[in-house]
Amino acid sequence: LSEAGSGSDAAALVCEAKRDGDDWVLNGPKLWITTGSEAGLYIVFARTGEDRVKGISAFLVERQYPGVGIGKKERKLGIKASPTVEVTLDNVRVPGANLLGEEGRGFTIALDTLDGGRLGIASQALGIAAAAIEEIRGHLADQKDSKGRPSASQEAQWKLADLAADLDASRFLTWRAAMLRDAGQPCGPQAAMAKLKASKLANDAARSAVRILGAKAAAGSTAERLLRDARITEIYEGATDIQRLVVARSLLA
Amino acid sequence: MTDGTQGQGPSATPGQTPPRPPMPPARGREGGGDARPTSFYVAIFVTLLLFVSAGLNVVLLFVALFSSSVGSLGTTAGPLDDSSYDVVSVGGDRSARKRVLRIPVEGAIAEQASPLIGAAGGTVSFVKRHLELAARDSSIVAVLLDINSPGGGVTASDEIHRLIRKFDEENDKPVVAMFGDMAASGGYYIAAACDEIWARPTTITGSIGVIISTLNYAEALEKIGVSQDPILDPRTPHKDMLSPSKKADEEEIAIVRSIVSEMYERFVEIVDEGREQLDRDQVIALADGRIYSAQAGVGQRPRRSDSRHRRGVRADPRARRGRRGQPRRVPPQAEPRRPPVRCRLDLGPPGRDVVRAGPRAAAAQHDRAALPLLLARRPLTAGCHTRPTHPQTLPTSSFAMQHFELNDEQSQILDTTRKFVADVVEPAALEHDEHRTFVQGSIDGLAELGLFGLPIAEEAGGFGLGTLSLVVAIEELAKGCGSTARLLTGQCVCGKVLEGLEAGTDALEKLVGGEALGAFVGLEHGIAATADGDGLRLDGTAELVTGAGKAGMLVVAARTADGEAVVAVVDAANATVEDVPAVGFHAAAPAKVSFAGTSAPAVARGADAEAAIARGETTAWIAGAATAVGTGFASIEAARRHTAERIAFGKPLAKQQAVAHKLVESRRAVDAARHQTWHAARLADLGDAGVRDAALHARLSAVDAALRAADEAIQSHGGYGYTVEYHVERHYRDMQMLETLEHGAEWMRDALVASVLA
């Protein structure tokens, strides 16, 4: 979906698909493709018409189609074991049967995919948060006074409590959205809320872990990795501001 | 030459507090050549004063009470030993780029505390320190000497007089005296050095004269049959002169009178020299020791403005007026026709009621009238680029508020560093960070520029340019490369620890000269020290020390088992140093340092070591805050640039309120932190005890603000922010790491508990 010039504003994409007989010919680079260099199959959103939203269609593109190339690999803050690459489409001929759904329905498909994707990222964030909280909990649990009572500082304990409460809250938000989705009901705003809260929590928890575990954790530790990995959850599958936009629009509609 | 013990005889009699021997009068005799024995002054110091006679103290008390109850006579300043100072922003100039430094001179003028004359002491050094500040800080365009003093010691008064004249000669900054309830005798003496004198109608002044009063109870002793029989060498028959137990003979009275006359002559000379409108005869006529009310004084006009300084201007109209842009209005003939209530002398438009407005407003008015054209200064630009990001919104009434303008030296450091960052530091930053390689080129450049000696005292071989200069340099470096800022911090922190330690002289020289890269292993690492003969054995591990991977010298703060602090300088080759994959400051050689029975000489122990470590920690916190401020501004600038260019939803991202507000909030927080940082740096440079708390406040605020700014900058960049090319992820990591260093944020809050509860 994403391109160099269209991220949050996904409908601004410019990758074009031109009908040629029964086939489509796709042109234009795609950016931020997670695992793009390893994938065998892509779903590509491309412009088939002028209309900003209704001019977008979705295609199944196989890796071995001539003209599909892998461009620059991103050097990133985190999630380093998951390659993020540019996928280039240079006159890629795609059979007509590879058009997903109907022509011009691409953006609707994209938004629906994003609802599910956001639940995925929310869940990913929950996992990062839980791991970071566990790092903190383990560290504080080691701090005991002579009678075996927890002796960690209040600042640290209170933070742990807040994070644990937020983790449950975010988890329930995420589960609610997932249940709606399983029930086949619209879950856009609920998924957005879940991702909004869970991704913030993941960052808060990971930062707190580094802060509480101290300088030792700032070098080559689990907490440090979580910190770097957490940061993407506020960015991809709709940045935090986009989640706010979705929620606000649904409330004001 | 007799020694002090013998000489203190007369003043050690019951009922008198023996004063400490003062220095011989400095004026004109510096560097020795004084033929008089010290004991002489010791004997007579108690009474050799430029003082209004004792009865006047009652008047002073009355006036003081009156002023506090009526509340119309203006403010009184804090105690003299308070090293804080008031800075009065120039009226009407909201940018507060020009300031007037107010120096309160309260009570008896004396360097040594002396209960006998009601002197808290320290007046000379207090004035000296403030004049130095005024000379150093180019934003200070004038000095207001706020005098409320019945007089004081001859030497102290004369020394202050000399300091003011020296300041006046070396600086193009007017010194204005403002009289409070009383500015008599010594109080007037020092005012005579000022360019102008302003008084209030109720001021008591004058008392131009010198007095030596002796206490004599010889007759009383005789009545009760007590006698004190001094045994003197026949060659020193006057050794017991002025003894309270012996009547002074004619010869001795003549001796004392000649001294008093000599001092008096000097006083007259001072007044004559300082007040152009009065010739010597007029001065002598006025200077019969009497006091004057200010109104009478205006009638007599002894307090006219125009020092020799201004006379020089008259001789050469280009000299001072050229700078000010317009000649001063000096209507001497108009003066007597003015209502006597206005004791204003020769400045400012007519019709202002100085009395009601109080001295501060008076100073402001003075400036409105005379100073607005002074020193058109280059504004300090706070951002990475050329836009000034400092909003300059200090209210004009913010007394004692620090004002953020750099003096010429600091501006030069800023310019030099900024250029160095653009040419050398920033272009290399990304690659070194990504590959975790050391920024050798930047470090060589820092050494070449001499920045390693920036905050180190001149006596210790540094440049003595102070902590604020370091802050300025660090902030700029951090905008380009946090690792480089961090390395300069380490070098200077080591330097500050060793500064003034005899045993650390060689090491300090190497640090300042750039022969060795230093890394500071602070107390937070809990390194244990054990006495080992004359030296120490060190044990323990410092998990993360920036710079340690490339440092040749480790300055280690440690404690012995019984809690004594020690400072050791360790050759890095004698410790186990292991590079670590730190989250931030990749290019600053972050490493783990282990000591296992490592032998090292102690360069300081006990109180010396505590002080040295405190010096280092304070510097580290302030420099850390500056690193955060620079990083914060760099993040904001990156976000500003990106959001201005990036088009989404049909317009630049920056046009979205939510995005723009992130920038606003980030800048607000970083700017506030910068104020705290500079404030802490200024306190450090003033030697103020409040520096520790201020440094911790700045450090916490700055890291919070910078983390937020970097976090929001990543967010504003979207996916781009998550990649290395856009710098903001590096800023984010650096700040995350900084938060854990130098004891960490929680420890810092703990360290602030005691003072907030006090």
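For clarity, every value in this text was computed on a predicted model and none was experimentally measured. (Residues numbered from 1 in each chain as written. Chains lettered and ligands numbered in written order. Predicted model: local features only at pLDDT ≥ 70, side-chain atom pairs only at ≥ 80, totals over all residues. Heavy atoms only, no water.)

Colleague: Any chance you could break down the overall build of chain A for me, citing the residues and the numbers?
Modeller: Looking only at helices and strands, one finds five helices and nine strands in chain A. The linear arrangement of helices and strands in chain A, starting from the amino end, is β-β-β-β-β-β-β-β-β-α-α-α-α-α. Per-residue burial over chain A gives 47% buried out of 253 residues. In chain A, 69% of the contacts between residues at least 6 apart in sequence involve partners at least 24 apart. Summed over all atoms, the accessible surface of chain A reaches about 11,900 Å², with 54% contributed by carbon and sulfur. (Helix = DSSP H or I, 4+ residues; strand = E, 2+ residues; numbered from the N terminus. Buried < 20%, exposed > 50% of the residue type's maximum accessible area, 1.4 Å probe, protein only. Contact = heavy atoms within 4.5 Å. Areas by Shrake-Rupley, 256 points an atom, 1.4 Å probe, with all protein chains shown as cover.)

Colleague: Kindly report on the overall build of chain B, identifying the contributing residues and their values.
Modeller: Secondary structure summary: chain B contains 23 helices and 20 strands in total. Within chain B, the proportion of its 758 residues that are buried is 57%. Summarising the internal contacts of chain B: among those between residues at least 6 apart in sequence, 73% fall at separations of at least 24.

Colleague: Got a sec to walk through helix H8 (residues 250-274) of chain B? Specific residues and values, please.
Modeller: Compared with an ideal rise of 1.5 Å per residue, which puts 25 residues at 36 Å, H8 of chain B spans 35 Å between its outermost C-alpha atoms and is within 8% of the ideal. Burial in H8 of chain B covers these residues: Glu252, Val256, Ile259, Val260, Met263, Tyr264, Arg266, Phe267, Val268, Ile270, Val271 and Gly274 of chain B. (Expected span 1.5 Å × (residues − 1).)

Colleague: Residue-level account of the confidence of the model for chain B, with values.
Modeller: Considering every residue of chain B, the mean pLDDT works out to 75; 72% of them sit at 70 or more. Low pLDDT (under 50) marks residues 54-96 of chain B, which in the prediction has 92 contacts with non-local residues, meaning those over four places away or in another chain. (pLDDT = per-residue confidence, 0-100.)

Colleague: Tell me about the sheet that holds strand S3 (residues 30-34) of chain A, and please be specific about residues and values.
Modeller: All names here are of chain A. Taken in spatial order, the three strands of this open sheet run S3-S7-S6, and their pairing is antiparallel. In the strand order of this sheet, the two ends are held by S3 and strand S6 (68-73), each with one partner. Each strand of the sheet is rotated relative to its neighbour by a mean of 40 degrees, with strand direction disregarded. Pairing analysis gives three bridges linking S3 to strand S7 (residues 84-89), with the strands arranged antiparallel. When the sheet's bridge partners are listed, Thr34 is paired in S7 with Thr84. (Pairing = 2+ DSSP bridges. Axes fitted to C-alpha atoms, helices over the stretch in contact; angles between N-to-C directions.)

Colleague: Give me the lowdown on unusual backbone geometry, citing residues and values where you can.
Modeller: A positive phi is found at Asn91 of chain A, a non-glycine position, where the angle reads about 50 degrees. Position of Asn91 of chain A among the secondary structure elements: in the loop between S7 and strand S8 (92-94). If you check the backbone angles, His743 of chain B has positive phi at about 90 degrees while not being a glycine. As for its placement among the helices and strands, His743 of chain B is situated in the loop between helix H22 (728-740) and helix H23 (744-757).

Colleague: Before we move on, could you go through the environment of Glu269 of chain B and cite the residues and values that matter?
Modeller: Here Glu269 of chain B is to be found in helix H8. Sequence separation between Glu269 of chain B and Arg280 of chain B is eleven residues, and the spatial gap between their C-alpha atoms is 7.6 Å.

Colleague: Outline the packing of helix H16 (residues 466-480) of chain B against helix H17 (residues 482-498) of chain B, supporting the account with residue identities and numerical values.
Modeller: Residue and element names in this part refer to chain B. Two elements in contact, H16 and H17, have axes separated by 6 Å at closest approach and are oriented at 150 degrees. As summarised for this structure, H16 and H17 are arranged roughly antiparallel, according to the angle between their axes. Residue-level inspection shows Leu470, Ala473, Ile474, Leu477, Ala478 and Gly480 of H16 in contact with H17, the latter providing Gly482, Thr484, Ala485, Leu488, Thr489 and Cys492. Considered class by class, the residues forming the contact of H16 with H17 number eight nonpolar, four polar and no charged. (Parallel < 35°, antiparallel > 145°, perpendicular 65-115°, else oblique. Nonpolar A, V, L, I, M, F, W, Y, C, P; charged D, E, K, R; others polar.)

Colleague: Give a detailed account of the packing of helix H14 (residues 408-435) of chain B against helix H15 (residues 440-449) of chain B, specifying residues and quantitative values.
Modeller: Residue and element names in this part refer to chain B. Two numbers describe how H14 lies on H15: the axes approach to 11 Å, and their chain directions differ by 155 degrees. In terms of orientation, H14 lies roughly antiparallel with respect to H15. Of the two elements, H14 crosses H15, and the hand of that crossing is right-handed. Contacts from Thr416, Phe420, Val424 and Val425 in H14 reach Gly441, Ser442, Gly445, Leu446 and Leu449 in H15. When the residues that make up the contact of H14 with H15 are grouped by side-chain class, the tally is five nonpolar, four polar and no charged. (Left-handed = near helix turned anticlockwise from the far one by under 90°.)

Colleague: I'd love a proper account of the interface of chain B and chain A, names of residues and values included.
Modeller: Facing the 35 residues of chain B at the interface are 42 residues of chain A. Buried area between chain B and chain A, summed over both chains or domains, comes out near 3,200 Å², and the portion from carbon and sulfur atoms is 55%. The largest share of the area that chain B buries against chain A comes from Phe649, Gln715 and Tyr722 of chain B, three residues that together contribute 24% of it. Remark: the boundary between chain B and chain A carries nine salt bridges. Glu739 of chain B serves as the salt-bridge partner of Arg211 of chain A, at 3.7 Å between the closest nitrogen and oxygen. (Buried area = accessible area lost by both parts, 1.4 Å probe. Salt bridge = Lys/Arg side-chain N within 4 Å of Asp/Glu carboxyl O.)

Colleague: Explain the packing of aromatic side chains residue by residue, including any values.
Modeller: Scanning the model with the defined rule gives seven aromatic pairs over all chains in all. Ring centres 5.9 Å apart and planes at 40 degrees place the aromatic pair Trp621 of chain B and Trp747 of chain B in the tilted group. Linking Trp621 of chain B in helix H19 (residues 606-645) with Trp747 of chain B in helix H23, this pair joins segments that are 126 residues apart in sequence. An aromatic cluster of at least three residues, connected via ring pairs, comprises Trp32 of chain A together with Tyr720 and Tyr726 of chain B. Against the face of Tyr732 of chain B rests Arg231 of chain A, its NZ or CZ located 5.8 Å from the ring centre. Geometry around Phe585 of chain B places Arg486 of chain B over its ring, the cationic atom sitting 5.8 Å from the centre. (Phe/Tyr/Trp six-rings, centres within 6.5 Å; stacked < 30°, edge-to-face > 60°. Lys NZ or Arg CZ within 6 Å of the ring centre and 35° of its normal.)

Colleague: How would you summarise a nonpolar patch on the surface if you had to cite specific residues and measurements?
Modeller: A cluster of nonpolar side chains, namely Phe172, Trp175 and Met179 of chain A, defines an oily patch on the protein surface of about 390 Å² accessible area. Residue position: Phe172 of chain A is located in helix H2 (residues 154-182). (Patch = residues over 30% accessible without salt bridge, like charges linked within 9 Å, V, L, I, M, F, W, Y side chains within 5 Å.)

Colleague: Can you break down empty space enclosed by the protein residue by residue, with the values?
Modeller: Residues and elements named next belong to chain B. Across all of its chains, the model carries eight cavities of 30 Å³ or more by this definition. Taken as a whole, the largest cavity holds about 100 Å³ of empty space. Leu133, Arg136, Asp137, Glu405, Asn407, Gln410, Leu468, Arg682, Asp685 and Leu686 together form the lining of the largest cavity. Listed by contribution, the elements that provide at least two residues to the lining of the largest cavity are helix H4 (123-136) and helix H20 (657-686). Element by element, the count of residues in the lining of the largest cavity is highest for H20, at three residues. Each residue belonging to the lining of the largest cavity can be placed in one class, and the counts come to three nonpolar, two polar and five charged. (1 Å grid on protein atoms, 1.4 Å probe; cavity = no way out; pocket = protein on both sides within 12 Å on 5 of 7 lines; lining within 4 Å. Points joined across faces, edges and corners; volume = space filled by probe spheres on them.)

Colleague: Before we move on, can you summarise the environment of Gly122 of chain B with the specific residues and values?
Modeller: All names here are of chain B. Along the chain, Gly122 turns up in the loop between strand S3 (99-106) and H4. Judged by its relative accessible area of 17%, Gly122 falls in the buried class. Taking C-alpha positions, Gly122 is 6.1 Å from Gln112, a pair spaced ten residues apart along the chain. Ignoring anything within four residues of it in the chain, the contact list for Gly122 reads Ala110, Glu111 and Gln112.

Colleague: I'd like a rundown of the pairing of strand S4 (residues 140-149) of chain B, residues and numbers included.
Modeller: Residues and elements named next belong to chain B. By the criterion of burial, S4 is predominantly enclosed, with ten of the ten residues buried. Both S3 and S4 contribute to a ladder of eight bridges, which runs parallel. Bridging across to S4, Arg102 finds its partner in Leu144. Here S4 runs beside strand S6 (residues 175-184); their pairing, made up of six bridges, is parallel. What sits directly across from Leu144, in S6, is Val176.

Colleague: Pulling in residues and values, what's your account of the layout of surface pockets?
Modeller: Residues and elements named next belong to chain B. Taken as a whole, the second largest pocket encloses approximately 1,000 Å³ of empty space. Looking at the lining of the second largest pocket, the elements that each hand over two or more residues are H4, H14, H16, H19, H20 and helix H21 (691-717). Among the elements that make up the lining of the second largest pocket, the one with the highest residue count is H19 (six residues).

Colleague: I'd love a proper account of the nonpolar core, names of residues and values included.
Modeller: Residues and elements named next belong to chain B. Counting 119 residues, the largest nonpolar core has Ile443, Leu446, Leu477, Leu488, Leu544 and Met737 as the members making the most contacts within it. Looking at which element gives the most residues to this core, the answer is H21, with 15 residues. Formed by 54 residues, the second largest nonpolar core is a distinct cluster that contains Ile109, Ala156, Ile197 and Ala287. (Core = buried A, V, L, I, M, F, W, Y, C linked by side-chain atoms within 4.5 Å.)

Colleague: Describe the pattern of salt bridges, listing the residues and the values that go with them.
Modeller: In this structure the tally under the stated criterion is 52 salt bridges over all chains. The residue Lys72 of chain A makes a salt bridge to Glu74 of chain A at a minimum N-O spacing of 3.7 Å. Take Lys72 of chain A: its relative accessible area is 40%, and that puts it in the partly exposed class. When the shortest N-O distance is used, the salt bridge between Asp229 of chain A and Arg225 of chain A registers 3.7 Å. With Asp229 of chain A and Arg225 of chain A both in helix H4 (residues 222-230) and four residues apart, this pair spans about one turn of that helix. Among the residues examined, Arg225 of chain A registers a relative accessible area of 41% and is labelled partly exposed. What you see here is one network of salt bridges that share partners, running through Lys72, Glu74 and Arg75 of chain A together with Glu434 and Glu725 of chain B.

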